[in-house]
Amino acid sequence: MIDKGTAYNRINTVLLEMEKEVGLKLKINDNYFYDFYDFMFFIYDSYEYLVNGNNSFALAGNLPLIIDKNEGNIYTLIDFTDELEDFKFEELLLNGFLEKKSYLFEEF
């Protein structure tokens, strides 16, 4: 089973690859980390937005990255929901994940 430190490092490796595509330094938002029984959710945004609060650098449409703690596979939320079993989806709802993340879709 993967621990938080290992998961954090693996997600950062993915973010480094994503930086090449978006042209911005990316950072995990430590204020929004979710650890469930089988998986962990990592929210990220641009470094400039998270560290300096510069709204001009806030990313739009950045979905959480999810790591399966048993297999180590990393998914986007869209890919992950295709793989979800019903009880896992209910776990997300019960823990308020889907409600808490509604800010991802709000306009500022």
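Up top is the structure.
Residues numbered from 1 in each chain as written. Predicted model: local features only at pLDDT ≥ 70, side-chain atom pairs only at ≥ 80, totals over all residues. Heavy atoms only, no water.

## Some details on the sheet that holds strand β2 (residues 39–46)
Move 1: Read from one edge to the other, the open sheet built from 4 strands follows the order β1-β2-β3-β4, with strand pairing classed as antiparallel. Strands at the two margins of the open sheet, each flanked by one partner only, are β1 (26–35) and β4 (74–76). With strand direction ignored, the average angle separating the axes of adjacent strands in the sheet is 30°.
Move 2: Pairing between β2 and strand β3 (residues 65–68): 4 bridges, direction antiparallel. Bridge pairing in β3 links phenylalanine 39 to aspartate 68.
Move 3: Seen against the sheet, helix α1 (residues 4–22) touches β1, β2, β3 and β4 and runs at an angle of roughly 140° to β1. (Pairing = 2+ DSSP bridges. Helix = DSSP H or I, 4+ residues; strand = E, 2+ residues; numbered from the N terminus. Axes fitted to C-alpha atoms, helices over the stretch in contact; angles between N-to-C directions. Contact = heavy atoms within 4.5 Å.)

## A word on the nonpolar core
Move 1: By size, the foremost hydrophobic cluster in this structure holds 11 residues: Ile2, Ala7, Ile11, Leu15, Leu26, Ile28, Met40, Phe42, Tyr44, Leu65 and Ile67.
Move 2: Mapped by element, the contributors of at least two residues to this core are α1, β1, β2 and β3.
Move 3: Those residues within four positions of isoleucine 2 in sequence are excluded, and the remaining contacts are Ala7, Arg10, Met40, Ile67, Asp68, Lys69 and Gly72.
Move 4: The next biggest cluster of nonpolar side chains, apart from the first, holds 6 residues, and it includes Phe36, Phe39, Phe41 and Leu77. (Core = buried A, V, L, I, M, F, W, Y, C linked by side-chain atoms within 4.5 Å. Buried < 20%, exposed > 50% of the residue type's maximum accessible area, 1.4 Å probe, protein only.)

## With respect to the side chain of lysine 69
Move 1: For lysine 69, the location among the structural elements is in the loop between β3 and β4.
Move 2: For lysine 69, a relative accessible area of 9% puts it in the buried group.
Move 3: In this structure the side chain of lysine 69 is engaged in a polar contact, spanning 2.7 Å, whose partner is the side chain of aspartate 35.
Move 4: A polar contact is formed between the side chain of lysine 69 and the backbone oxygen of phenylalanine 36, at a distance of 2.8 Å.
Move 5: Ignoring anything within four residues of it in the chain, the contact list for lysine 69 reads Met1, Ile2, Asp35, Phe36, Tyr37, Asp38, Phe39 and Met40. (Polar contact = N/O pair within 3.5 Å; in protein donor to acceptor, adjacent residues only side chain to side chain.)

Function cannot be read off these values alone, since they describe shape.
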